[in-house]
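# What the coordinates show
Chain by chain, the residues run as shown.
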Amino acid sequence: MTHSHLVKALRAYAERFPAEASIVTRFLDLAVAWPECLHREYVPGHLTASGWVVHRESESVLLTHHRKLDKWLQLGGHADGDPDLPAVAVREIEEESGLRNFVAMDDPEVPFDIDIHEIPSHGGVPRHFHYDLRFAYATRDRSTPVVSDESHDVAWVPLGELHRYTTEESMVRMRDKWRELSSSVAD
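Scope of this entry: the structure provided in the associated data block. Everything quoted here is computed from the prediction, not taken from an experiment.

### Side note on helix α1 (residues 3-16)
Its 14 residues give α1 an end-to-end C-alpha distance of 20 Å, which sits within 8% of 20 Å, the value for a rise of 1.5 Å per residue. Of all the residues in α1, the buried ones are Leu6, Val7, Ala9, Leu10 and Tyr13. Taken around the axis of α1, the buried residues stretch over an arc of 165°, which confines them to a single face. Among the exposed residues of α1, those oriented more than 90 degrees off its buried face are Ser4, Lys8, Arg11 and Glu15. Residues of α1 that are buried in the fold lie against α2 (21-31), β1 (45-55), α3 (85-97), β5 (113-119), β6 (128-139) and α4 (169-184).

Encoded structure:
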């Protein structure tokens, strides 16, 4: 993914979700700092990528209980200079869960969701923001995930029980988007 690919993907996202135009504008404003915004050292914020992985038959999403943030979240992380953000999401899913058998839903270059969230200061790293591009994946593999050193736990969470794990607005939004997307995309 190049800067022009990112801009194109964000514009396609804005067309798909016009109510989120203001957040797309904030992403585009950050992307002006290409390629610096791909690095975690870029403050006040930087691009990250993550994956919303759903086991279609059980309607369960793969979540990690993030060690540093102490929250249940989708799998993902820093780009660390890698401009191929969909590939970053795939790498993070594999590293954080051991899952290998999943496929992109819809257009693999266009994010399924985007979110800007604050990361509190920790370990000498100042407070900053993650500009997270989230990509949707489906799997038929519901094997027991591997827990990495970045997590307390990794688990398949039924979408109907998501509220027991998180009340994060963006997590609920992704659940709702998934339900809409999965009803429009055939197996």
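### Points about the pairing of strand β2 (residues 60-66)
Counting buried residues along β2, 6 of its 7 residues qualify, which places the element largely inside the surrounding structure. In this sheet, β2 lies alongside β1 in antiparallel orientation, the contact comprising 2 bridges. Note on β2: the bridge partner recorded for Val54 is Val61. Hairpin connection of β1 to β2: 4 residues between the antiparallel strands, including Glu59 at a positive phi of 55°. Note that β2 and strand β7 (residues 151-158) share 7 bridges and pair antiparallel. Paired with His66 across the bridge in β7 is Ser151. One ladder, built from 4 bridges, connects β2 with strand β3 (residues 71-78); its direction is antiparallel. Each bridged residue has a counterpart across the sheet, and for Leu63 the counterpart in β3 is Gln74.

### Remarks on the packing of aromatic side chains
Counted according to the given criterion, the structure contains 4 aromatic pairs. Aromatic side chains Phe102 and Tyr137 sit 5.3 Å apart centroid to centroid with 75° between the ring planes, which places their arrangement in the edge-to-face category. Within this pair, whereas Phe102 is found in the loop between α3 and β4 (103-104), its partner Tyr137 is found in strand β6, the two being separated by 35 residues in sequence. A relative accessible area of 5% means that Tyr137 is categorised as buried.

### Regarding the side chain of His128
Among the structural elements, His128 can be located in strand β6. On the accessibility criterion, His128 (5% relative accessible area) is buried. At 3.4 Å, the side chain of His128 forms a polar contact with the side chain of His130.

The rules behind the values
- Residues numbered from 1 in each chain as written.
- Predicted model: local features only at pLDDT ≥ 70, side-chain atom pairs only at ≥ 80, totals over all residues.
- Heavy atoms only, no water.
- Helix = DSSP H or I, 4+ residues; strand = E, 2+ residues; numbered from the N terminus.
- Expected span 1.5 Å × (residues − 1).
- Buried < 20%, exposed > 50% of the residue type's maximum accessible area, 1.4 Å probe, protein only.
- Arc of directions from axis to C-beta.
- Contact = heavy atoms within 4.5 Å.
- Pairing = 2+ DSSP bridges.
- Phe/Tyr/Trp six-rings, centres within 6.5 Å; stacked < 30°, edge-to-face > 60°.
- Polar contact = N/O pair within 3.5 Å; in protein donor to acceptor, adjacent residues only side chain to side chain.

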